[in-house]
Amino acid sequence: MITVNHYIALSAVLFVIGVVGVLTRRNIIIVMMSIEIMLNAANLLLVTFARQSGDMTGHVFVFMVMAVAAAEAARGACDHPRVVQEPRDGGY
Amino acid sequence: MWGLEHIWWVPILPLIGATINGLVGHLLSKRAVGVVAVGSTGLSFLVALAAFGNILGLAPDQRVYESVLFTWIQAGSFTAEAALQVDPLSAVFLMVVTGVGFLIHVYSVGYMGHEAGYPRYFAYLNLFMFSMLLLILGANFLLMFIGWEGVGLCSYLLIGYYYEKQSASDAGKKAFVMNRIGDFGFLLAIMWIFWTFGSIDYTTVFPVAHDKLALGGLAVTGITLLLFLGATGKSAQIPLYTWLPDAMEGPTPVSALIHAATMVTAGVYMVARCNALFNLAPMTMMIVALIGATTAIFAATMGLYQFDIKRVLAYSTVSQLGYMFLACGVGAYVAAVFHVMTHAFFKACLFLGSGSVIHGMSGEQDMRQMGGLGKKMPMTHATFLISTLAIAGIPPLAGFFSKDEILLSAFLGHTPGHLLYWVLATIAAAVTAFYMFRLYFMTFTGELRAEDHHVRDHVHESPNVMTMPLVILAGLAVVGGFLGLPMIEGGHALKNFLDPVFAQPGHAAGGHDVSVGLELLLMGVSVGMGVLGILTARYYYSVKPEAAVELLNKGGMIKSIYTLMQNKYYVDEIYDALIVKPIVAVSDKGLWRFFDVKVVDGLVNFAATFFMGLGSMFRTAHTGLTRSYAYAMVFGGVFLAGFWLFLSSGK
Amino acid sequence: MEILMFNLLGGLSVALALGAIISKRPVNSAINLIGTMFCLAGLFAMQDAHLIAALQVLVYAGAIMALFLFVIMLLNVREKVGAESRRQPYWQLLAVVSAGALFVPLVTLGGGKILKFKEAASGFGTTAAVGRLLYTDYILPFEIASVLLLAALVGAVILTKTKIR
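Residues numbered from 1 in each chain as written. Chains lettered and ligands numbered in written order. Predicted model: local features only at pLDDT ≥ 70, side-chain atom pairs only at ≥ 80, totals over all residues. Heavy atoms only, no water.

**Q** Can you explain the overall build of chain C? Please cite residues and give values.
**A** Each helix and strand counted, chain C has six helices and zero strands in total. Along chain C, helices and strands appear, N-terminal first, in the series α-α-α-α-α-α. For chain C, restricting intrachain contacts to residue pairs at least 6 apart in sequence, the fraction spanning at least 24 positions comes to 60%. Carbon together with sulfur atoms contributes 71% to the accessible area of chain C, which is approximately 9300 Å² in total. (Helix = DSSP H or I, 4+ residues; strand = E, 2+ residues; numbered from the N terminus. Contact = heavy atoms within 4.5 Å. Areas by Shrake-Rupley, 256 points an atom, 1.4 Å probe, with all protein chains shown as cover.)

Take a look at the structure:
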């Protein structure tokens, strides 16, 4: 029987992995991916508690988090110094 | 009732004039400025005249008209309405202020014709009219106070009209500061009145004063003393009179309007207005009478040996105001208001006459340079002589009736020491006659003493725009007294008119029971004193001028008294040593060098250095490394989560 | 069955997440992360969050991670081997310790009680139900989110365009 506590534990593990990633890695792309892990851990909790309380507001929250994550990824990607300074194929 | 219903226009019209001249006056021609200023005041006078007619048409016990424009301040139980009140007392003042004010505006057109800042002058003068009218028409103490402050402001502005002159701007400041001392008392009195009565409306306060306040109690004595402190400031009484002689730095029409006819009588108006309160405070009444009588004699003696023509008149004004307060102090409010009115006529005429003389003498104010002007300035001479006779108390001119009534009231008064006051006032009457005729003889008779031949050749009669007001005022100084004929039953028109205002429960509204013989005797004494003064002045300054010099050269007592009087009893010097110097010392050494530099600046500097040090401590935390911030965030999260855990485990 | 699925997906997601933060090459990290996303999508689906599970696959695994991969592969971002990790074991230790300290309160979120799931109402987590919620009660946040995405779009264009001649 899977309980809410299982999901909490799993979420905590994922979140801590994300934290360690942010703290230890220097590559900005990997740091951002670590942040995505943390966001996903939070999303998991939101979905879990939404299910437990039978209230879909949690799902709406997850939706918003995804929107923010997408915006962040788009902005973060072009914020990378080499993106703006060294376009490799001279394209665009 | 056209007039009373439009009473608002009386103060508003001059305000409109002031606004026009103040804002766009410099764009208008001199003629237009004059038309606006004189026109607004003239219209105001006409409305006031109509209102006065309406008041006369009412039954004597219904002569109170109140016009509420809007509720001005409402806070808790405190209500102040922008309301005007016309009753016989304010009606008399209304006529004096608008009438004399109008004449002086006309005169100013001629007198100030050559001055720069012509629109500024008329803007101030109109603003003064507005404030003064608000003062006398306001239906509550707060409106009176607004007017009170307004006239003080305009007085300051107009005394300092020649602001590029150091003495003029100093005199303005002196007047302002002296008035502030009085205003402070007035304001405290208003607060005390509100505290006691829960209202500041005349119609609420005065009728219940008799029931609410104990006769001679602390509250009523305190209120009236504070009110009187305000009056001493505005009306130049001991101990706050020193600003008025210095106020002569202003243009002469200003001296006539503000410092003789209207503003300085505001104190008398206020005391008369609050008669319901003053009647309940015998101690205050005694102080008022004492200060009035003392000021009358004190200022008169100071005027004895002045050589500046306007300063003589200034001391004379202080002295005459003393008479008015003496009248108030012995409960003869009618006499006080009567004297305000006649004084406004003859003193305005005297000031305007002196202005005419100064104008003719190319700005010279020293009487030692004058003499023999009577032939060259016949109109000025004639009107000046009439007014001088009036102030000296020679029947049947206006000054005789009002002064005689004050003396009679003092003689018969109930206030303790009233006989002493009568003696002082009678002597002051003789002194007044002496110095006024000294002024007259020195100016208009004998030979012209001016050395400068430009001045000598230039002496001329003033234009009609200046002499016409003189003639009208002199005419009023002749007939004004007949409003208050003594002895004849019903002859005292002014008294009949004003009595409803001053009739108090418990006090008989009627006059004194006095035998005709005694009254005639007192009249004889006062006229005799006046004649004595005139004859002495004639002997020393016209018949035998060298006698005065001889008398002085003998030295001794007379010489030292002369020096004392000429230096105005050193009152300015005493104030300087006792009040100004210590304040300057405390401000300089204590407030500036210690408190400001050490304490205030020290605190500010301490705050700056303290946070600078604190900042340098925390500056090390800002490494600029993203990772250290990330660590800080994680530690913060750990801390918060741990704290939450701690809280939830406690349950 | 449920336990099996949870253990499988949960264990896999943890392992892949670890791989994502440990692997040297960003491409490997990204691939690992995509795996994590899929596992989480499965876990969402197990909790009747059908729409979210679909979005997880579409948006996260599909769009966002594709963007990451695109950036990495386009620019050939490569972590210099041993540039940082070998040099600072002290920092890594601190990171692990502090993360562990964070883990303790997180795990106890349930407050020490066993919280059981109730039976879900019919229609819970379906596209229709969540969509109705999004377009009624949460229309304002929804619109704001769209504005945010628009801003990110414009920002990305501006940031990249201005510097390129």
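There is more to say, and it comes next.
**Q** With reference to specific residues and values, describe the overall build of chain A.
**A** A count of helices and strands for chain A gives four helices and zero strands. In sequence order, chain A lays out its α and β elements as α-α-α-α. The 92 residues of chain A split such that 63% are buried. Sequence-distant contacts, at least 24 apart, represent 51% of the contacts inside chain A between residues at least 6 apart. Here chain A has roughly 3300 Å² of accessible surface; of this, 63% comes from carbon and sulfur atoms. (Buried < 20%, exposed > 50% of the residue type's maximum accessible area, 1.4 Å probe, protein only.)

**Q** Describe in detail the interface of chain C and chain A, supporting the description with residues and values.
**A** Contact residues are listed per partner, giving 82 residues for chain C and 68 residues for chain A. Between chain C and chain A the total buried area reaches about 7100 Å² when both faces are included, carbon and sulfur atoms providing 77% of it. At the boundary of chain C with chain A, the tally comes to one salt bridge. Two residues, Asp48 of chain C and Arg51 of chain A, come together in a salt bridge whose shortest N-O distance is 3.1 Å. Linking chain C to chain A there are eight residue pairs in polar contact (both at pLDDT 80 or more). Taken together, the elements giving at least two residues each to the side of chain C that touches chain A come down to helix 1 (2–22), helix 2 (26–46), helix 3 (50–75), helix 4 (89–107), helix 5 (127–135) and helix 6 (139–163) of chain C. Among the elements that line the side of chain C that touches chain A, the one with the most residues is helix 3 of chain C, at 12 residues. Tallied by class, residues from the side of chain C that touches chain A come to 56 nonpolar, 15 polar and 11 charged. (Buried area = accessible area lost by both parts, 1.4 Å probe. Salt bridge = Lys/Arg side-chain N within 4 Å of Asp/Glu carboxyl O. Polar contact = N/O pair within 3.5 Å; in protein donor to acceptor, adjacent residues only side chain to side chain. Nonpolar A, V, L, I, M, F, W, Y, C, P; charged D, E, K, R; others polar.)

**Q** Outline the packing of aromatic side chains, supporting the account with residue identities and numerical values.
**A** All names here are of chain B. Counting across every chain of the model gives 36 aromatic pairs over all chains. Each ring, one from Tyr202 and one from Phe206, has its centre 5.6 Å from the other, and the planes form 20 degrees; the classification is stacked. Note that Tyr202 and Phe206 are positioned in helix 7 (residues 202–212) at a spacing of four residues, about one turn of the helix. For Tyr202, a relative accessible area of 2% translates into the label buried. (Phe/Tyr/Trp six-rings, centres within 6.5 Å; stacked < 30°, edge-to-face > 60°.)

**Q** Which residues make up the side chain of Arg311 of chain B, and what are the values?
**A** Residues and elements named next belong to chain B. Looking at the secondary structure, you find Arg311 in helix 14 (residues 309–329). The class of Arg311 is buried, set by a relative accessible area of 17%. In this view, Arg311 contacts Pro245, Asp246, Met248, Gln306 and Lys568; residues no more than four positions away in its chain are not counted.

**Q** I'd love a proper account of the interface of chain A and chain B, names of residues and values included.
**A** Contacts between the two partners involve six residues from chain A and, on the opposite side, four residues from chain B. Together chain A and chain B conceal approximately 380 Å² of surface at their shared face, both sides included; 62% is due to carbon and sulfur atoms. In terms of surface lost to chain B, no three residues of chain A exceed Val19, Leu23 and Arg26 of chain A, which account for 82% of the buried area on that side. Between chain A and chain B we count zero salt bridges in total. At the boundary of chain A with chain B, the tally comes to zero residue pairs in polar contact (both at pLDDT 80 or more). Per-class residue counts for the side of chain A that touches chain B are three nonpolar, one polar and two charged.

**Q** Give a description of the pairing of strand 1 (residues 65–75) of chain B that names residues and reports values.
**A** Residues and elements named next belong to chain B. Inspection of the sheet shows strand 1 paired to strand 2 (residues 78–86) by nine bridges, in the antiparallel sense. Within strand 2, the position partnered with Gln74 by the bridge is Thr79. Linking two consecutive strands that pair antiparallel, namely strand 1 and strand 2, is a turn of two residues; a positive phi of about 60 degrees is found at Gly76 within it. (Pairing = 2+ DSSP bridges.)

**Q** Can you explain unusual backbone geometry? Please cite residues and give values.
**A** All names here are of chain B. Each neighbour pair has its own omega, and for Ile238 with Pro239 the value is 5 degrees, a cis peptide bond. Structurally, the position occupied by Pro239 is in the loop between helix 8 (218–234) and helix 9 (243–246). Along the chain, Pro395 connects to Pro396 via a cis peptide bond; the corresponding omega equals 5 degrees. You can see Pro396 is positioned in the loop between helix 17 (378–392) and helix 18 (398–412). In this structure, Ala236 takes a positive phi of about 55 degrees despite not being glycine. Of note, Ala236 is situated in the loop between helix 8 and helix 9. Of note in this structure, Ser362 is not a glycine but carries a positive phi near 60 degrees. A residue is classified by how much of its surface remains accessible, and Ser362, at 43% relative accessible area, is partly exposed.

**Q** Describe the nonpolar core, listing the residues and the values that go with them.
**A** All names here are of chain B. By size, the foremost hydrophobic cluster in this structure holds 205 residues, and its most contacted members are Ile136 and Leu277. Sorting elements by how many residues they give to this core places helix 15 (residues 333–360) first, with 18 residues. Apart from residues lying up to four places away in sequence, Ile136 is in contact with Gln85, Ser90, Phe93, Leu94, Val97, Tyr269 and Arg273. (Core = buried A, V, L, I, M, F, W, Y, C linked by side-chain atoms within 4.5 Å.)

**Q** Account for the pattern of salt bridges, with residues named and values stated.
**A** Residues and elements named next belong to chain B. Here the structure, examined in full by the defined rule, presents 13 salt bridges over all chains. For Asp572, the salt bridge is made with Lys174, and the minimal N-O distance between the two is 3.0 Å. Here Asp572 is found in helix 26 (residues 571–619), whereas its partner Lys174 is found in helix 6 (residues 166–197), with 398 residues between them in sequence. Look at Lys174 and you get partly exposed, because its relative accessible area is 22%. Note that Arg593 and Asp588 form a salt bridge whose closest N and O atoms lie 3.6 Å from each other. Taking relative accessible area as the criterion, Asp588 reaches 22% and is therefore assigned partly exposed. Each of Lys174, Asp246, Arg311 and Asp572 takes part in a single network of salt bridges with overlapping partners.

**Q** I'd like a rundown of the packing of helix 2 (residues 28–53) of chain A against helix 2 of chain C, residues and numbers included.
**A** Each pair of packed helices gets described by two things: the angle between the helix axes and the distance between those axes. Two elements in contact, helix 2 of chain A and helix 2 of chain C, have axes whose closest approach is 11 Å; the angle formed by their N-to-C orientations is 5 degrees. Overall, the two elements helix 2 of chain A and helix 2 of chain C adopt an arrangement that is roughly parallel. Residues Ile30, Met33, Glu36, Ile37, Asn40, Asn43, Leu44 and Val47 of chain A of helix 2 of chain A form the contact with helix 2 of chain C, whose own contacting residues are Pro26, Ser29, Ala30, Leu33, Met37, Leu40, Leu43 and Phe44 of chain C. The residue inventory of the contact of helix 2 of chain A with helix 2 of chain C, partitioned by class, reads 12 nonpolar, three polar and one charged. (Axes fitted to C-alpha atoms, helices over the stretch in contact; angles between N-to-C directions. Parallel < 35°, antiparallel > 145°, perpendicular 65-115°, else oblique.)

**Q** Which residues make up the confidence of the model for chain A, and what are the values?
**A** For chain A, the mean per-residue pLDDT works out to 81, and 84% of the residues sit at or above 70. Between residues 82–92 of chain A, whose pLDDT stays under 50, and residues either more than four places distant or in other chains, the model counts 22 contacts. (pLDDT = per-residue confidence, 0-100.)

**Q** Tell me what's going on with helix 5 (residues 141–159) of chain B, and back it up with residues and numbers.
**A** Residues and elements named next belong to chain B. Between the first and last C-alpha of helix 5 there are 26 Å, a value that for 19 residues agrees with the 27 Å anticipated at 1.5 Å per step. Of all 19 residues that make up helix 5, 14 are buried, and the element is covered over most of its length. If you check the start of helix 5, you find a side-chain oxygen 3.2 Å away from the backbone N of Leu142, and it comes from Asn140. (Expected span 1.5 Å × (residues − 1).)

**Q** Any details on the environment of Leu229 of chain B? Residues and values, ideally.
**A** Residue and element names in this part refer to chain B. Tracing the sequence through the fold places Leu229 in helix 8. What makes Leu229 partly exposed here is its relative accessible area of 27%. Each C-alpha atom of the pair Leu229 and Gly182 lies 5.2 Å from the other, and the pair is 47 residues apart in sequence. Apart from the residues lying within four places of it in its own chain, the contact partners of Leu229 are Ile181, Gly182, Gly185 and Leu240.

**Q** If you had to explain the packing of helix 3 (residues 88–111) of chain B against helix 4 (residues 118–137) of chain B to someone new, which residues and values would you point to?
**A** Residues and elements named next belong to chain B. Two elements in contact, helix 3 and helix 4, have axes separated by 10 Å at closest approach and are oriented at 175 degrees. It follows that helix 3 is roughly antiparallel to helix 4 by the angle criterion. Here Ser90, Phe93, Leu94, Val97, Thr98, Gly101, His105, Ser108 and Val109 of helix 3 lie close against helix 4, whose contacting residues are Tyr118, Tyr121, Phe122, Leu125, Asn126, Met129, Met132, Leu133, Ile136 and Leu137. Each residue belonging to the contact of helix 3 with helix 4 can be placed in one class, and the counts come to 13 nonpolar, six polar and no charged.

**Q** Provide a residue-level description of the side chain of Thr284 of chain B, including the pertinent values.
**A** Residue and element names in this part refer to chain B. Positionally, Thr284 belongs in helix 13 (residues 282–303). Given the relative accessible area of 0%, Thr284 is considered buried. For Thr284, the side chain forms a polar contact with the side chain of Thr224, separated by 2.8 Å. What Thr284 contacts, discounting residues up to four positions off in sequence, is Thr221, Thr224, Leu225 and Phe278.

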